[in-house]
Amino acid sequence: MKKGSLSSYFDGVAGKILAACEVNQKVSHQHEFNGVQTLKALFGEGRKERIKTKFLYLDDNIDPVEEDGFLTWYDARENHPSRSEYRLYFSDTKISQNMDINDLWVIAKLNLPQNHPSENTYKFLIIVAKGYSTYANQLQWLFGLENNILSHFSVRDGTALEGERVSFTASLILESIGIAVDDTDDTFTEILIRRYKSNFPSTKEFSEFARYTCLADVHPDSTPDEKISLWMEREEILFKTFEKHIIAKRLQDGFYSFTTEIDTDLFIEYALSVLNRRKSRVGHAFENHLEFLFRESKLHFSRGAITENRAKPDFLFPGKKEYDNANFPQLLLTMLGVKSTCKDRWRQVLTEANRVKTKHLITLEPGISLNQTAEMQEHNLRLVVPQDLHKTYQQCQQNWLLSVADFVNLVQKRQSKAGL
């Protein structure tokens, strides 16, 4: 197992695209995969085994569906002297009832510590992602599954996963499927404690510190895309490292009421505050680093300026003054929305800055579905994605995507035309 790689979390994964015979109840009532010899890399060989499993169904248009169940791995020809025919049975769940043709089925064998209590512990995670969805694209990219997996399982064992580094983007996907990512770095702990004691500073100050720790890694020829990716990943590591220290100290202090009894409400309140801080922090950090990058690129802009109907676009170029000036050319105005992940929230930017016909949205989300990007194009929304994530999109999408550097160049040209 290599820390910081997928092998830290999984002993192996396998995936396939579901066929009609595997989802049509009229064709098969068995909830079973046949011809799965390749899965021996995950399940091994031996006697019939019933395995406690968590099932998860992902569809871009609904909330994730989760249910407990089990898998049964067995040799249908166990008593045959020379032949074996392994099969994988899965229990009937809300997830299996939702399965459809072309959905992606992923089997992930969890990497559990050797001394981990085995009773009531999930050994496998089954993820069914709606066919052609963003979720399906992201899972195939995350696990390095073949793009042409159809009737067979594509299998990757733990050794293969050691080479797959868990980047900032990968960690977002893992956490979306319920995997807690340990991307802390203890070498920063003492520095953070000396600097901030036991309290988080403002997000702006923390983002500045994250960039400061990256000075040795940013070179004169580093692109805007490389800088944003580096800064975001470093801030995530610093945040998780410092959060680990703060939470540990708070747990040591305990959660007691005035009567010295354990106060569960106080614990729940603290846990919720931790979760809310995690959710809001990423978006603010992304905006902070973009603001620094835009200033470094000598762009004119306003952040969070109020436009029509009290809307507040994240960034307005060249600024609020020019936007409010009816004589300023509309074609030289640019609006940028910022969403670390899109889902269906990308539509929120469509009502911001009415003077700007074609709006831009920057995101860190990989592999957004064709349906979603087609709808974005219909609504005159242009997507900006760091260059290293372009490969997670299909070729026809890549021709339409802008990199961070592309966007900066676009605004610089418009700024030049405006004489700024």
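Residues numbered from 1 in each chain as written. Predicted model: local features only at pLDDT ≥ 70, side-chain atom pairs only at ≥ 80, totals over all residues. Heavy atoms only, no water.

J.: Is there a simple way to think about the overall build of the protein chain in this case?
T.: Helix and strand counts for the protein chain come out as 14 helices and 13 strands. Within the span of the protein chain, comprising 420 residues, buried residues form 49% of the whole. Contacts in the protein chain between residues far apart in sequence, at least 24 positions, make up 63% of those at least 6 positions apart. For the protein chain, the computed accessible surface area is about 21,700 Å², with 49% contributed by carbon and sulfur atoms. Of note, the protein chain has its 53 positive side-chain charges centred 4 Å away from the centre of its 57 negative side-chain charges. (Helix = DSSP H or I, 4+ residues; strand = E, 2+ residues; numbered from the N terminus. Buried < 20%, exposed > 50% of the residue type's maximum accessible area, 1.4 Å probe, protein only. Contact = heavy atoms within 4.5 Å. Areas by Shrake-Rupley, 256 points an atom, 1.4 Å probe, with all protein chains shown as cover. Lys, Arg positive; Asp, Glu negative; His and termini not counted. Charge placed at Lys NZ, Arg CZ, Asp CG, Glu CD.)

J.: How do you make sense of the layout of surface pockets when you look at a structure like this?
T.: Empty space within the largest pocket amounts to approximately 1,400 Å³. Contributing to the lining of the largest pocket are 45 residues, with Tyr-135, Ser-176, Thr-341, Lys-343 and Arg-345 lying nearest its centre. Those elements giving two or more residues to the lining of the largest pocket turn out to be helix H4 (134-143), helix H6 (168-176), helix H9 (224-253), helix H10 (264-296), strand E11 (334-339) and helix H12 (370-378). (1 Å grid on protein atoms, 1.4 Å probe; cavity = no way out; pocket = protein on both sides within 12 Å on 5 of 7 lines; lining within 4 Å. Points joined across faces, edges and corners; volume = space filled by probe spheres on them.)

J.: Explanation requested: the sheet that holds strand E1 (residues 10-17) in the structure shown.
T.: Strand pairing in a sheet takes place through backbone hydrogen bonds and is either antiparallel or parallel in direction. Ordered by their spatial adjacency, eight strands build an open sheet running E2-E5-E4-E3-E7-E6-E1-E8, and the pairing between neighbours is mixed. This sheet does not close on itself; its edge strands, each paired only once, are strand E2 (32-33) and strand E8 (154-157). Here six bridges tie strand E3 (residues 49-58) to strand E7 (residues 124-129), and the two strands are oriented parallel to one another. Following the sheet pairing, Leu-56 is matched in E7 by Ile-127. (Pairing = 2+ DSSP bridges.)

J.: Is there a simple way to think about the pairing of E7 in this case?
T.: Looking down a regular strand, the side chains alternate between one sheet face and the other. Within E7, six of the six residues are buried, which leaves it mostly tucked inside the rest of the structure. Residues Phe-124, Ile-126 and Val-128 line one face of E7 and the alternating positions Leu-125, Ile-127 and Ala-129 line the opposite face, and both faces are buried. For strand E6 (residues 104-110) and E7, the ladder comprises six bridges, and the chain directions are antiparallel. Residue Leu-104 lies in a different strand from E7, and its bridge partner there is Ala-129.

J.: Sorry, what's going on with the packing of aromatic side chains here?
T.: Where two aromatic rings form a pair, the distance of their centres and the angle of their planes describe that pair. Overall, the coordinates contain 27 aromatic pairs when judged by the stated rule. An aromatic cluster of three or more residues is present, and its members are Tyr-196, Phe-200, Phe-206, Phe-209, Tyr-212, Phe-239 and Phe-242. Stacked on the ring of Trp-231, the Lys or Arg Arg-211 has its end atom at 5.9 Å from the ring centre. Here the basic side chain of Arg-281 rests over the ring of Phe-239, its NZ or CZ set 3.9 Å away from the ring centre. (Phe/Tyr/Trp six-rings, centres within 6.5 Å; stacked < 30°, edge-to-face > 60°. Lys NZ or Arg CZ within 6 Å of the ring centre and 35° of its normal.)

J.: Is there a simple way to explain the pairing of E1 in this structure?
T.: When you tally the buried positions in E1, you get seven out of eight residues, the bulk of the element. Pairing of E1 with E6, which is carried by seven bridges, proceeds in the antiparallel orientation. The residue of E6 that forms the bridge with Phe-10 is Leu-110. Two elements, E1 and E8, share four bridges in a ladder whose sense is antiparallel. Looking at the pairing, Val-13 lines up with Arg-156 of E8.

J.: Would you take a moment to explain the sheet that holds E11 for this structure?
T.: Spatially, the five strands line up as an open sheet ordered E9-E10-E11-E12-E13, and their pairing is mixed. A single partner strand is all that each edge strand has here, and the edge strands are strand E9 (302-303) and strand E13 (381-384). Two elements, E11 and strand E12 (residues 359-363), share four bridges in a ladder whose sense is parallel. Bridge assignment links Val-338 to a residue of E12, and that residue is Ile-362.

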